[in-house]
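Breakdown of the fold
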Amino acid sequence: MRLDLMQLGLMRLGFLSSHGGSTARAVTVACTRGELAATPALLISNNSASPVMQWAGEIGLPRLHLSRAAYPDPDELDAAIVAALRAHQIDAVVLSGYMKALGTRTLTAYRGRMLNVHPSLLPLYGGRGMYGDLVHAAVLAADETVSGATVHQVEAGIDEGTVVAQSRVAVLPGDTVATLRARVQATEGPLMIAALQKLAEAVT
Ligand SMILES: Nc1nc2c(c(=O)[nH]1)N[C@@H](CN(C=O)c1ccc(C(=O)N[C@@H](CCC(=O)O)C(=O)O)cc1)CN2
Ligand SMILES: NCC(=O)N[C@@H]1O[C@H](COP(=O)([O-])[O-])[C@@H](O)[C@H]1O
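Because the structure is a prediction, the values reported are computed rather than measured.

Observations concerning the overall build of the chain
Helix and strand counts for the chain stand at six helices and seven strands. Each helix and strand of the chain, ordered N terminal to C terminal, gives the series β-α-β-α-β-α-β-α-β-α-β-β-α. Against the globule reference of 17 Å for 204 residues, the chain gives a C-alpha radius of gyration of 16 Å, in line with a compact fold. C-alpha extents for the chain along the principal axes are approximately 50 × 40 × 30 Å. Sorting the 204 residues of the chain into buried and exposed places 47% on the buried side. Considering only contacts in the chain between residues 6 or more positions apart, those separated by 24 or more positions represent 65%. Of the roughly 9,500 Å² that the chain leaves accessible, carbon and sulfur atoms contribute 54%. Distance between charge centres in the chain, computed from 16 positive and 17 negative side chains, equals 4 Å.

Here's what the structure looks like:
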């Protein structure tokens with residue numbers, strides 16, 4: 001269903017996502033409901049076949065496939081990403097399961113205006129190699145009783161940026177990766193929306 005993504009709010013959002021983009025979708029719904037004063041304006045994915053790219057096409061969200069396939073040089077990919085964000089007049093960037101490290105140009109251009117959601121209570125279970133279900137598997141293997149999600153500023157070190165907000169969920173006896181993922185992921189959208197509401201007040 002195409003959404004009328006006219007100027008919903010002053011803050012123009014760019015999404016970076018590799019797979020399903022669940023947080024990008026939740027943020028977009030919040031914008032269309034008037035719960036977040038922002039306008040989804042661009043999706044960049046490194047995976048042309050991803051469900052998030054299909055979703056963007058269905059709702060009429062401008063979308064770009066930018067990846068190492070087209071830009072083998074990481075610096076050139078970094079330059080292409082920041083150029084695309086600037087060309088679409090993006091004010092803030094949301095990483096919604098974007099599975100690649102971002103480069104210096106993009107980080108510098110959006111310092112303080114780029115947020116990531118990670119499915120653990122950082123600094124626990126973060127960093128290179130720790131993403132998606134690998135995080136939940138590690139939490140279960142460690143017999144943790146609590147987990148959650150973290151929204152943080154995106155800085156050079158993977159998952160090392162300033163923590164903006166965290167949610168906490170119980171790890172229950174008998175939990176599997178799938179059940180824990182579902183419980184944590186259900187908190188990611190609201191956590192990111194709340195963080196963006198604060199950011200919108202600051203940048204607009
Ligand atoms: N410069 C930064 N770039 C990114 C950050 C960050 O904090 N600073 N956050 C990541 C977080 N992330 C998911 O949101 C993430 C972290 C680590 C990895 C990872 O190890 N990726 C593997 C490849 C995985 C794959 O291709 O499926 C790797 O790079 O070897 C992925 C995601 C996003 N970028
Ligand atoms: N390090 C970041 C990370 O692991 N992000 C995680 O990837 C999943 C992507 O799923 P989605 O594409 O369906 O939203 C999300 O659940 C998010 O927590």
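Some points on helix α3 (residues 74–87)
Taking 1.5 Å of rise per residue, the 14 residues of α3 would be expected to cover 20 Å, and the 20 Å separating its terminal C-alpha atoms lies within 8% of that figure. One side-chain oxygen at the N-terminal end of α3 lies 2.7 Å from the backbone nitrogen of aspartate 75; it belongs to aspartate 73. A positive phi of about 55° marks glutamine 89, the residue just after α3.

Re the UniProt feature "domain: Formyl transferase N-terminal" (unreviewed entry) in the chain
Summarizing the sequence annotation, UniProt attributes the feature "domain: Formyl transferase N-terminal" (unreviewed entry) to residues 11–196 in the numbering used throughout. Overall, residues 11–196 shows 37% helix and 23% strand. The separation of its end C-alpha atoms is 9 Å.

Overview of the pattern of salt bridges
Pairing is possible between side chains that carry opposite charge, provided their charged atoms lie close to one another. This model, assessed by the stated rule, comprises three salt bridges. We note a salt bridge from aspartate 78 to arginine 105, for which the minimum N-O separation is 3.7 Å. Here the residue aspartate 78 occupies a position in helix α3, and arginine 105 occupies one in helix α4 (residues 104–109), the gap between them amounting to 27 residues. Overall, aspartate 78 belongs to the buried group, its relative accessible area being 4%. In this structure, aspartate 133 engages arginine 181 in a salt bridge whose closest nitrogen and oxygen atoms are separated by 2.8 Å. Of this pair, aspartate 133 sits in helix α5 (residues 133–141) while arginine 181 sits in helix α6 (residues 177–203); the two residues are 48 residues apart in sequence, bridging distant segments of the chain.

Thresholds applied
Residues numbered from 1 in each chain as written. Chains lettered and ligands numbered in written order. Predicted model: local features only at pLDDT ≥ 70, side-chain atom pairs only at ≥ 80, totals over all residues. Heavy atoms only, no water. Helix = DSSP H or I, 4+ residues; strand = E, 2+ residues; numbered from the N terminus. Rg over C-alpha atoms; globule rule 2.2 N^0.38 Å. Buried < 20%, exposed > 50% of the residue type's maximum accessible area, 1.4 Å probe, protein only. Contact = heavy atoms within 4.5 Å. Areas by Shrake-Rupley, 256 points an atom, 1.4 Å probe, with all protein chains shown as cover. Lys, Arg positive; Asp, Glu negative; His and termini not counted. Charge placed at Lys NZ, Arg CZ, Asp CG, Glu CD. Expected span 1.5 Å × (residues − 1). Polar contact = N/O pair within 3.5 Å; in protein donor to acceptor, adjacent residues only side chain to side chain. UniProt positions renumbered as here; feature names shortened; annotations may be inferred. Salt bridge = Lys/Arg side-chain N within 4 Å of Asp/Glu carboxyl O.

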